[in-house]
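# Observations on chain architecture
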Amino acid sequence: MSRPIEFRNRVKVSERHGAGEWTVEKAALLVLIPLGVWVASTGFTLAGADYQTVFAWFSSRLNAVLLAVTALVFFGYAGLAWKVIVEDYIHRPANKALLLALVNVICVVLAAASVFFIVRLALGSAPLPAGFGA
Amino acid sequence: MTHPAPSSGDARDDQTGRFVTQPNGRVRPLSPHLQVWRWHVTMTASILFRVTIGAATVGAMIAVAWLAAVAFGPDAYADALAFAASPFGLFIGFGLTVVLFSFLLNGARHLINDTGAALRVGPANLLSNISVWGPVPLAVLFWVLLFVTERVSL
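All values reported here derive from a predicted model rather than from experimental measurement.

If you look at the interface, chain B gives 28 residues, while chain A gives 30 residues. Elements supplying a minimum of two residues to the side of chain B that touches chain A: α2 (41-71), α3 (74-85), α4 (87-114) and α6 (135-148) of chain B. Among the elements that line the side of chain B that touches chain A, the one with the most residues is α2 of chain B, at 10 residues. Split by residue class, the side of chain B that touches chain A holds 19 nonpolar, 6 polar and 3 charged.

In this section: unusual backbone geometry. Put simply, Leu128 of chain A and Pro129 of chain A share a cis peptide bond, and its omega is 5°. Position of Pro129 of chain A among the secondary structure elements: in the segment after α4 (93-122). Notably, Asn9 of chain A is not glycine yet its phi reads approximately 50°, a positive angle. Phi angles above zero are rare outside glycine, and Ala118 of chain B is one such case at about 55°. Examined against the element boundaries, Ala118 of chain B turns out to sit in the loop between α4 and α5 (121-133). Look at Ala118 of chain B and you get partly exposed, because 15 C-beta atoms sit within 10 Å.

This brings us to the environment of Leu48 of chain B. All names here are of chain B. Positionally, Leu48 belongs in helix α2. Taking C-alpha positions, Leu48 is 10.0 Å from Ser128, a pair spaced 80 residues apart along the chain. Setting aside anything within four residues of it in sequence, one finds Leu48 in contact with Ser102, Asn106 and Val132.

As a further point, take the nonpolar core. Soluble globular proteins tend to bury their nonpolar side chains together. Counting 39 residues, the largest nonpolar core has Phe74, Phe75, Tyr77 and Ala78 of chain A together with Ala60 of chain B as the members making the most contacts within it. Among the elements of the structure, α1 (18-46), α3 (61-89) and α4 of chain A together with α2 and α4 of chain B are those that each provide at least two residues to this core. It is α2 of chain B that contributes the most residues to this core, 10 residues altogether.

Conventions we followed
Residues numbered from 1 in each chain as written. Chains lettered and ligands numbered in written order. Predicted model: local features only at pLDDT ≥ 70, side-chain atom pairs only at ≥ 80, totals over all residues. Contact = placed C-beta atoms within 7 Å. Helix = DSSP H or I, 4+ residues; strand = E, 2+ residues; numbered from the N terminus. Nonpolar A, V, L, I, M, F, W, Y, C, P; charged D, E, K, R; others polar. Buried ≥ 20, exposed ≤ 12 C-beta atoms within 10 Å, placed from the backbone. Core = buried A, V, L, I, M, F, W, Y, C linked by C-beta atoms within 7 Å.

Below, the structure written as structure tokens:
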């Protein structure tokens, strides 16, 4: 649904949801920059670490929550970013719709998998498959 | 003087992006801006940010695979660590750090420019040059520190 044409500060207000997506992208990027610095420092800490060290790292609630937030915000951001890329280069409506659906499915699956693994590790669950599919 | 014909002769079937559909439904050729604009470092920074997001998506998939390896227990983690410590694994690891620093620097540049700041030629060039070249020395420093602190070895 398009809204009627409207101007704010002599700039046309977007008729659909484009401006909202743009704002979400900026907010996500703003959150991802400090989280990215934290990811770099975490990567430095855990590089070459043994299993016990990594397992102990996940038992910290702060680490687990920050990593889960990073995964959720990043895959949300990546989904919007790939949407822009697909819309820029793919012009046949059917191909575009298919690729956008694929991008969304991949991002949701990766975000869900990340949270699943992080929650298990944070709770100190037994190593997978742990009964799944066994 | 001859001009190469579009693939099918129908602008509506064009996949090259050389035609755009106007809001009134008419199909018109896109302005030939890429042919007439002199190359500029701001263009490199902009293109590299898009490339970085693509590479960061692949990097995030590798990170999820690492999470899976930890969640699948010590044996799976040992396999993942052995791969990461192999020459090819270290090469991938170095690439991932370049991508991460590129995401941070270029993302910061993008956010600053999105507010309308630093869009004059001098500051825009400065931020673009930092975003384009900065990730490489930062990644080298990161890996030098990893080797010096003996977290990683060949």
